[in-house]
Amino acid sequence: MIREFIYKYYVDPIVNGGAYTIVDTLTYALILILAVYLVYRWLQRTGISIDHDFVLSLIPYIVLGGLLRVVEDTGIIPYPWYVFLITPLIYFVIFFYTIFVLIVSRTLEKKGIVEHYYRGFAAGGIIACAVSLIPLLWVGITQTQISGYVLAFILSVAFVTSFAVWGTIKYIFKWDYVSDILYKLLIFGHLLDASATSFGIDLHEMTYVEQHVVGSALIDATGTAFSMFALKLVVIVPAIYILEMYRKEGSSALWHLILFAMIMVGMAPGIRDMVRMIFYV
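Residues numbered from 1 in each chain as written. Predicted model: local features only at pLDDT ≥ 70, side-chain atom pairs only at ≥ 80, totals over all residues. Heavy atoms only, no water.

Under the criterion given, the structure shown has eight salt bridges. Among the salt bridges present, the one from arginine 272 reaches aspartate 73, with a minimum N-O distance of 2.8 Å. A residue pair is termed long-range when its members are at least 10 positions apart, and arginine 272 in helix α10 (residues 252-278) and aspartate 73 in helix α3 (residues 52-73) qualify at 199 residues. In this structure, glutamate 109 and arginine 106 form a salt bridge, with 2.9 Å as the shortest nitrogen-oxygen distance. Residue glutamate 109 and its partner arginine 106 are both found in helix α4 (residues 89-110); the two are separated by three residues, about one turn of the helix. For glutamate 109, a relative accessible area of 21% puts it in the partly exposed group. (Salt bridge = Lys/Arg side-chain N within 4 Å of Asp/Glu carboxyl O. Helix = DSSP H or I, 4+ residues; strand = E, 2+ residues; numbered from the N terminus. Buried < 20%, exposed > 50% of the residue type's maximum accessible area, 1.4 Å probe, protein only.)

Before going further, it helps to examine the side chain of serine 147. Inspection of the secondary structure puts serine 147 in the loop between α5 (117-142) and α6 (148-172). Among the polar contacts made by the side chain of serine 147, one reaches the main-chain amide nitrogen of tyrosine 149 at a distance of 3.5 Å. Reaching out from serine 147, the side chain makes a polar contact with the backbone nitrogen of valine 150 at a distance of 3.1 Å. Look past the residues within four positions of serine 147 in its chain and what remains in contact with it is Ile278 and Tyr280. (Polar contact = N/O pair within 3.5 Å; in protein donor to acceptor, adjacent residues only side chain to side chain. Contact = heavy atoms within 4.5 Å.)

As a further point, take the packing of aromatic side chains. Going through the model one piece at a time under the given rule, you end up with 18 aromatic pairs. Three or more aromatic residues joined by ring pairs make a cluster, and in this case those are Phe173, Trp175, Tyr177, Tyr183, Tyr241 and Trp255. Here arginine 106 stacks its cationic end above the ring of tyrosine 117, 5.9 Å away from the centre of that ring. Here lysine 170 stacks its cationic end above the ring of tyrosine 171, 5.5 Å away from the centre of that ring. (Phe/Tyr/Trp six-rings, centres within 6.5 Å; stacked < 30°, edge-to-face > 60°. Lys NZ or Arg CZ within 6 Å of the ring centre and 35° of its normal.)

UniProt records the feature "transmembrane region" (unreviewed entry) at residues 20-40, 52-70, 82-105, 117-140, 146-169, 181-201, 221-241 and 253-271, using the numbering of this structure. With 71% helix and 0% strand, residues 82-105 has its two end C-alpha atoms placed 29 Å apart. The span residues 253-271 carries 100% helix and 0% strand; its end-to-end C-alpha distance comes to 26 Å. (UniProt positions renumbered as here; feature names shortened; annotations may be inferred.)

Written out as structure tokens, the structure reads:
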């Protein structure tokens, strides 16, 4: 019975690409919370400052995760290796690569080879992103197509809505702290996800579906994927307020990690969905 439960809720969605359920969604959310805490404790012991520079240098790795998911979506990775590029296993792959580059960058800094570790750390992510684009471009040129229109539409909607939300929060709510670059990335990452989801389900020539439980239920109830923008606002606006209250009274390092985790859960699927649609995968 336990084996059947594990296969139904954890193995089958990974191997066969099934939709997320409440069970696995809650499980992965708990794992994410635990992972953030454990990484926080490890970084404290290593003496690495968890600050704006650290979080900004992690952004390329979020993009990398989205790109690698699309590489798997193309079907060019043979069995069983493609399993490592499917959620949640891909998070472990990205995690270990990120830690490896971080350790190397930190070592180079200590030896005086580089002035600041986070520059080499970010470069490791950017290089990996560039490499990940090579098979995608090959597939787009030889097997599918590459749409500049899809890229322009999704990014334009994401930027316009992000600016509107940011302006409302800053000038109407008078939350001046929303000018922090990390809050801007939080807003943009989630609205990029909403923009990509909306375009993919309602406007794209190919058929895409929302796999997450809450988003899928909302789309079914409203009849349009553009309702995802409302869902995102219900989440990120209170989250920004709560995060700022915590920053004033709690640990700065943990605040940075929590904010990074929230940026990641919005931006990573947004990147993946957008790139899939650009390459018609």
